[in-house]
Amino acid sequence: MSLQAYLSRRVVTQGQTSPAAILVEGEQIRAVVDPDQVPAGAELHDFADAAILPGLVDSHVHINDPGRAEWEGFETATRAAAVGGYTLLVDMPLNCLPATANVAALEAKREAARGRCWVDWAAWGGVVSDNQADIAGLAEAGVPGFKCFLIHPGIDGFTMVTESQLRAALPHITRTGLPLLVHAELPGPIDTAVESLAGADWRRYATYLQSRPDEAELSAIRLLLSLCREYGFRLHIVHLATSLALDELRTARSAGLPVTVETCPHYLHLDAETIPDGATLAKCAPPIRSRDNRETLWQGLRDKTIDLVVTDHSPCPPPMKRLAEGSFKTAWGGIASLSLALPLMWTEASRRGFTLQDIARWMAGQPAKLAGCARKGRIAAGYDADFVVLDTDEEFTVTEDRLHYRHRISPYMGEKLRGVVKATYLRGAPVFVEGGFTGEPRGREWRR
Ligand SMILES: [Zn+2]
């Protein structure tokens, strides 16, 4: 097997960014060495000043396949991922048909994915109102963990769980030792807010924001922390949008509770003050909140209360965004961002003094850890040879041709961003280089 050497003046390994050569044999990294220690005979690939980061891991993606492939699908989602520097996606269990709430559904997903993926993938198992008996089987079949909703997920067919249903599931989840990812909003505060908005103008972003108050997230997180204390399961809060929960999360963590937290590029980039009325491309749940809130989320990343950043890539056919009427009431909530998350994050992070180390931790190391994937998320000996080559200075304007997911709509269209993905390598071979795809789809399922 021939030895490949990938060189750059900025290789992002754990703890440092420095000139290095990544030595790759087959699909794995054999060693990371000084550039002058590359063995004779190795094939050299010199990326000069472009940074090499670990392949990104997105533990929160809605691929919608099988069953709603017209919304997205394995082929388009994984192409968009490769363009964005991702080498592993973990699919959410709800938008596909059947929902991934039992082993038969997981097998149907495996069938749908075969031969169609440009990057590796895995699937979270669903916890719904009545599938407590399926939890152990899903764990045995290889899911890395579970996902549930404390509120209607916006789509029928995947039920939310009430507190008592969650309590029925938790002993089963705790026994697996796997994390439970939770959409943390409770319906009570939202129902109350919506009632008070009778007659309000739903084209206004302010109406939508008022309809999903901080209190919905806060009360859900309080409930979850108390259940975490009681049952001892690994709790993961998905897409934290309210910064008001950070203090309680910090306290819970210092008390030793096994809780982790994610947020998304849209909460870190956009703000309620500048979302135009009718701009339903920016609708997601929980909602994008104020500019002050956004800056406090960045503080949460700085002090490590927030562990990771994932896309929550959640596309839909364009008519479902109700762009013509611009109603935040009826539009689908979800933002597609697989191809843009890295430049969005680099643009925002670099202007706040964060480094490539931070990006690699938030977008590769920590999500891989959440998914229990010990082979990805780091550039180190023994890991999969997954990496992304990033020109950190080049700027570009977001246009449709850069998106690559099925429906090329985006709240970021026309924005100028910093950081261009030059190449993405999956297990030792390029999948995306300088704007084009290479070879055949080689992505496969990552199983525990
Ligand atoms: Zn989601």
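The rules we used
Residues numbered from 1 in each chain as written. Predicted model: local features only at pLDDT ≥ 70, side-chain atom pairs only at ≥ 80, totals over all residues. Heavy atoms only, no water. Phe/Tyr/Trp six-rings, centres within 6.5 Å; stacked < 30°, edge-to-face > 60°. Helix = DSSP H or I, 4+ residues; strand = E, 2+ residues; numbered from the N terminus. Buried < 20%, exposed > 50% of the residue type's maximum accessible area, 1.4 Å probe, protein only. Pairing = 2+ DSSP bridges. 1 Å grid on protein atoms, 1.4 Å probe; cavity = no way out; pocket = protein on both sides within 12 Å on 5 of 7 lines; lining within 4 Å. Points joined across faces, edges and corners; volume = space filled by probe spheres on them. Nonpolar A, V, L, I, M, F, W, Y, C, P; charged D, E, K, R; others polar.

### Regarding the packing of aromatic side chains
Phase 1: Summed over the entire model, instances satisfying the criterion amount to 15 aromatic pairs.
Phase 2: Relative to W332, the ring of W71 lies with its centre 5.0 Å away and its plane at 75 degrees, an arrangement referred to as edge-to-face. Of this pair, W71 sits in the loop between β6 (56-61) and α1 (74-84) while W332 is found in the loop between β14 (308-309) and α11 (341-351), placing the two residues 261 residues apart along the sequence. The two residues W71 and W332 agree in class, both being buried.
Phase 3: Among the aromatic side chains, those forming a connected cluster through ring pairs are Y6, F47, F387 and Y425.

### Topic: the sheet that holds strand β9 (residues 125-126)
The pairing of strands in a sheet happens through backbone hydrogen bonds and is either parallel or antiparallel.
Phase 1: With parallel pairing, the six strands of this open sheet are ordered in space as β9-β10-β11-β12-β13-β14. One side of each edge strand has no neighbouring strand; the edge strands of this open sheet are β9 and β14.
Phase 2: In this structure, strand β10 (residues 146-149) lies alongside strand β11 (residues 179-183), joined through four bridges in parallel fashion. Looking at the pairing, F146 lines up with L180 of β11.

### A few points about the layout of surface pockets
Phase 1: A volume near 710 Å³ is recorded for the largest pocket.
Phase 2: Elements with a contribution of two residues or more to the lining of the largest pocket: β10, α5 (187-196) and α6 (205-211).
Phase 3: Among the elements that make up the lining of the largest pocket, the one with the highest residue count is α5 (four residues).
Phase 4: Tallied by class, the residues present in the lining of the largest pocket amount to 16 nonpolar, twelve polar and seven charged.

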